[in-house]
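Chain by chain, the residues:
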Amino acid sequence: MATDGARRSSAWFGASGRAGMNHRSWMRSQGFTPEVFDGRPVIGIATTWSELAPCNVHLHRVAESVKRGVWQSGGFPLEFPAMALGETLLRPTAMLYRNLLAMEAEELIRANPLDGVVLLSGCDKTTPGLLMAAASVDLPAVMVTGGPMLSGKYQGADVGSGTAVWRFEEELLAGRMTAEECVFAEGCMARSNGHCMTMGTASTMASMAEALGMQLPYSATWPAVDSRRYETAQRAGQVIVDLVNSELRPSAIMTRAAFENAIRVNAAIGGSTNAVIHLLAIAGRLGVELNLDDFDALALDVPTLLNLQPSGQYLMEDFCYAGGLPAVMRELGGLLHGDAVTVTGRTVAENVADAPCWNRDVIHALDAPFQPAGTGTAVLRGNLAPDGAVLKQSAASPHLLKHRGQALVFDSPEAYYAVVSDPDLDADENTVLVIRYCGPRGYPGMPEVSNVPLPAKLLRRGIRDMVRICDGRMSGTAYGTVVLHVAPEAAAGGPLALVRSGDWITLDVPSRLLTLEVADSELDRRRSEWHPLPPHASRGWTRLYTEHVQEASYGADLDFLVGGSGHEVGRDSH
């Protein structure tokens, strides 16, 4: 590597002799002139474009805008592909591959002649995966998310991606909607490039990237097809050159204060519970002390300000035109660390000082919130979740936040779906549905299956919500009183594996308790009879993942990837 103060890329392009000639000549085969090797910053553009990831299919066009900005500011842009993780198609879940994307992108950034990188993401796992990579390498980086789709339109009303799917599924099961109507409706939801336009995980993680200071102000909300999405991308290309020149790195931006800001912003926007897992994983790569209880403690005094599906009425397009995330962050004011540094080179407070709000129906004021303080993500503990579980209060039914009912247990979502339409299913509105073996090791990959639909016979009676408990995740677009991320997971021998149908379970969200009303002696007896499921795979990524993945309460990263390794090839900081 270069040791004379030259840029990192100079070790490749500024080298003398055979090595330098090889590096430069092969790059010139693409038609670059010799001037690009004059020591200017070499900027990698990591794109997760793929036609197998519909949310990210426009990122080639976004990359072109980034390149313009890099050239304008005197840099040398080079686009390269990273894994595209589309939750819409990838089985069993894109979450199984988030850590693989992070590993791949980390190695590509480190192994190539790059001085800085622009990260292009869209669908929800691509954003945290690339941020994890950038955190581990710690070269100057800027995130550019692809933006949400335009609002869906069906029968004269707005419909939200994901959120409407769950509703249409319930209507179909209840006999209030025909299959033909569903086919027509599905063509009305996703009507442009971009990721989900509800406050699902993609919109949430775009907002988290902005709240952490890794994305330019307003970047989270410009629609994918809005010209300002491409204007923002071009600006990001200019900014990354500035970051390289000033040597401002992710570790100086994503500090403990930045994560506290992100957690509070997530509470204010009614963000996805998946942000918990992703923020824990990113913090782990940086060595920032962050734990599950921080998400509850930091959100307690933060009201929900954003009236957005699935917690509210509006969609991301409305959020954008109402003022975007800077308007929310300005409203939070002293609840945020205003002195936290961002990729703009300015502080959070400076970035949002003049951010206007244009629609108080969408972005409520701090003193007149959409939902009161304490309605964000709740962290539950108890003998059923010794290492924690989470629940999204803003999307739950208030009357179920304190509930006692008998368990109806299923060892997979498929087992439940096989009987969901059975008119004789032994379940009523007080039943607690338990779906297990859906955690990081159990499924594998911790899929978004926890918000299973209610039994058809109850939907026909007009019942719209039940308590559901699962060691898996649910989409940020989903709603309902669903206890998620139960840890330890069933596949690791956690207490969830010991629950039997008929057991009484108490959910007490105000007290943050999740209790299985079974004597310890009986649980010990059941544990002695429990046998783990056989491995999912004997080779490849799935075996590596299941052998090394951490619990959800730690971010579900691989244990050997926690912590950064820096940007030097072949060196490890541990």
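In short, a report on the structure. (Residues numbered from 1 in each chain as written. Predicted model: local features only at pLDDT ≥ 70, side-chain atom pairs only at ≥ 80, totals over all residues. Heavy atoms only, no water.)

1. So, the overall build of the protein
Thinking step 1. Each helix and strand in the protein was counted, giving 20 helices and 14 strands.
Thinking step 2. Along the first, second and third principal axes, the C-alpha atoms of the protein reach 75 × 55 × 45 Å.
Thinking step 3. Relative to its full complement of 574 residues, the protein shows a buried share of 61%.
Thinking step 4. Considering only contacts in the protein between residues 6 or more positions apart, those separated by 24 or more positions represent 76%.
Thinking step 5. Counting every atom, the protein has about 21300 Å² of accessible surface; 51% of that belongs to carbon and sulfur. (Helix = DSSP H or I, 4+ residues; strand = E, 2+ residues; numbered from the N terminus. Buried < 20%, exposed > 50% of the residue type's maximum accessible area, 1.4 Å probe, protein only. Contact = heavy atoms within 4.5 Å. Areas by Shrake-Rupley, 256 points an atom, 1.4 Å probe, with all protein chains shown as cover.)

2. Some details on the pattern of salt bridges
Thinking step 1. This structure, assessed with the given rule, holds 34 salt bridges.
Thinking step 2. Across the pair Lys 125 and Glu 87 runs a salt bridge, and its minimum N-O distance is 2.4 Å. Note that Lys 125 is positioned in the loop between strand E3 (116-121) and helix H5 (126-137) and Glu 87 in the loop between strand E2 (76-81) and helix H4 (95-111), a separation of 38 residues in sequence.
Thinking step 3. The salt bridge partner of Asp 557 is Arg 285, with a shortest N-O separation of 2.7 Å. Pair noted here: Asp 557 is in the segment after helix H20 (540-548) and Arg 285 is in helix H12 (residues 274-286), with a separation of 272 residues, a long-range link. For the pair shown, Asp 557 and Arg 285 are each scored as buried.
Thinking step 4. Overlapping salt bridges bring together Arg 500, Asp 503, Glu 522, Arg 525, Arg 526 and Glu 529 as one network. (Salt bridge = Lys/Arg side-chain N within 4 Å of Asp/Glu carboxyl O.)

3. So, the packing of aromatic side chains
Thinking step 1. Summed over all chains, the structure comprises eleven aromatic pairs.
Thinking step 2. Where Phe 32 meets Phe 76, the ring centres are 4.8 Å apart and the plane angle is 80°; that geometry is what we call edge-to-face. Linking Phe 32 in the loop between helix H2 (17-28) and strand E1 (42-47) with Phe 76 in strand E2, this pair joins segments that are 44 residues apart in sequence.
Thinking step 3. For Phe 76, a relative accessible area of 0% puts it in the buried group.
Thinking step 4. Arranged with centres 6.1 Å apart and planes meeting at 50°, the rings of Trp 541 and Tyr 545 form a pair that is tilted. Here Tyr 545 and Trp 541 lie together in helix H20, a separation of four residues that amounts to about one turn.
Thinking step 5. The buried category is assigned to Trp 541, whose relative accessible area is 13%. (Phe/Tyr/Trp six-rings, centres within 6.5 Å; stacked < 30°, edge-to-face > 60°.)

4. Observations regarding the sheet that holds E1
Thinking step 1. Strand order in the open sheet made by the four strands is E2-E1-E3-E4, with parallel pairing throughout. This sheet does not close on itself; its edge strands, each paired only once, are E2 and strand E4 (141-145). Between one strand axis and the next, the sheet turns through 20° on average, direction left out of account.
Thinking step 2. Bridging between E1 and E2 involves six bridges; their strand directions are parallel. From the neighbouring strand, Gly 44 faces E2, where its bridge partner is Leu 78. (Pairing = 2+ DSSP bridges. Axes fitted to C-alpha atoms, helices over the stretch in contact; angles between N-to-C directions.)

5. Focus on the side chain of Thr 47
Thinking step 1. The residue Thr 47 is located in strand E1 in this model.
Thinking step 2. Aside from chain neighbours lying at most four places away, what touches Thr 47 is Leu 59, Glu 79, Phe 80, Pro 81, Ala 82 and Leu 120.

6. Some thoughts on helix H3 (residues 59-72)
Thinking step 1. The end-to-end C-alpha distance of H3 is 20 Å, a good match for the 20 Å that 14 residues give at a rise of 1.5 Å each.
Thinking step 2. Among the residues making up H3, those that are buried are Leu 59, Val 62, Ala 63, Ser 65, Val 66, Lys 67, Gly 69 and Val 70.
Thinking step 3. Against the buried residues of H3 lie E1, E2, E3, E4 and helix H9 (227-246).
Thinking step 4. Directly after H3, the chain includes Gly 74, whose backbone phi takes a positive value near 90°. (Expected span 1.5 Å × (residues − 1).)

7. Concerning the environment of Pro 535
Thinking step 1. Relative to the helices and strands, Pro 535 is located in the loop between helix H19 (520-529) and H20.
Thinking step 2. A C-alpha to C-alpha distance of 48 Å links Pro 535 and Thr 347, two positions 188 residues apart in sequence.

8. Thoughts on helix H15 (residues 324-332)
Thinking step 1. Judged by how many residues are buried, H15 sits mostly within the fold: seven of nine residues are covered.
Thinking step 2. For H15, the secondary structure elements touched by its buried residues are helix H8 (201-211), helix H11 (256-268), helix H14 (316-322) and helix H16 (348-352).
Thinking step 3. Just downstream of H15 lies Gly 333, where phi reads positive at about 50°.

9. Considering the pairing of E1
Thinking step 1. In terms of residue burial, E1 counts as a mostly covered element, since six of its six residues are buried.
Thinking step 2. Side chains Val 42, Gly 44 and Ala 46 project from E1 onto one buried face, and the interleaved Ile 43, Ile 45 and Thr 47 project onto a second face that is buried too.
Thinking step 3. Handedness of the crossover joining E1 and E2 through H3: right-handed.
Thinking step 4. Both E1 and E3 contribute to a ladder of five bridges, which runs parallel. By the bridge assignment, Ile 43 is partnered in E3 with Gly 116. (Right-handed = clockwise from strand over helix to strand, strands pointing away.)

10. Remarks on the side chain of Arg 110
Thinking step 1. If you trace the backbone, Arg 110 turns up in helix H4.
Thinking step 2. Arg 110 sits in the buried class, given a relative accessible area of 6%.
Thinking step 3. In this structure, Arg 110 is in contact with Arg 8, Ser 136, Val 137, Ser 565, Gly 566, His 567, Glu 568 and Val 569, ignoring residues within four places of it in sequence.

11. Observations concerning unusual backbone geometry
Thinking step 1. Between Tyr 443 and Pro 444 the backbone carries a cis peptide bond, its omega angle lying at 5°.
Thinking step 2. Within the secondary structure, Pro 444 is located in the loop between strand E10 (432-435) and helix H18 (456-460).
Thinking step 3. Look at the link from Ala 487 to Pro 488: it is a cis peptide, with omega at -5°.
Thinking step 4. Of note, Pro 488 is situated in the loop between strand E12 (482-487) and strand E13 (504-508).
Thinking step 5. Positive phi values are uncommon outside glycine, yet Glu 247 reaches one of about 55°.
Thinking step 6. Residue classification places Glu 247 among the exposed residues on the basis of a relative accessible area of 57%.

12. Re the packing of H8 against H15
Thinking step 1. Where H8 meets H15, the closest approach of the two axes is 11 Å, and the angle between their N-to-C directions is 60°. Judged by the inter-axis angle, H8 sits oblique to H15. Once H8 is placed against H15, the crossing between them reads as right-handed. The residues of H15 that touch H8, namely those facing Ser 207, Glu 210 and Ala 211, are Leu 325, Pro 326 and Met 329.
Thinking step 2. Across the contact of H8 with H15, the residue classes tally to four nonpolar, one polar and one charged. (Parallel < 35°, antiparallel > 145°, perpendicular 65-115°, else oblique. Left-handed = near helix turned anticlockwise from the far one by under 90°. Nonpolar A, V, L, I, M, F, W, Y, C, P; charged D, E, K, R; others polar.)

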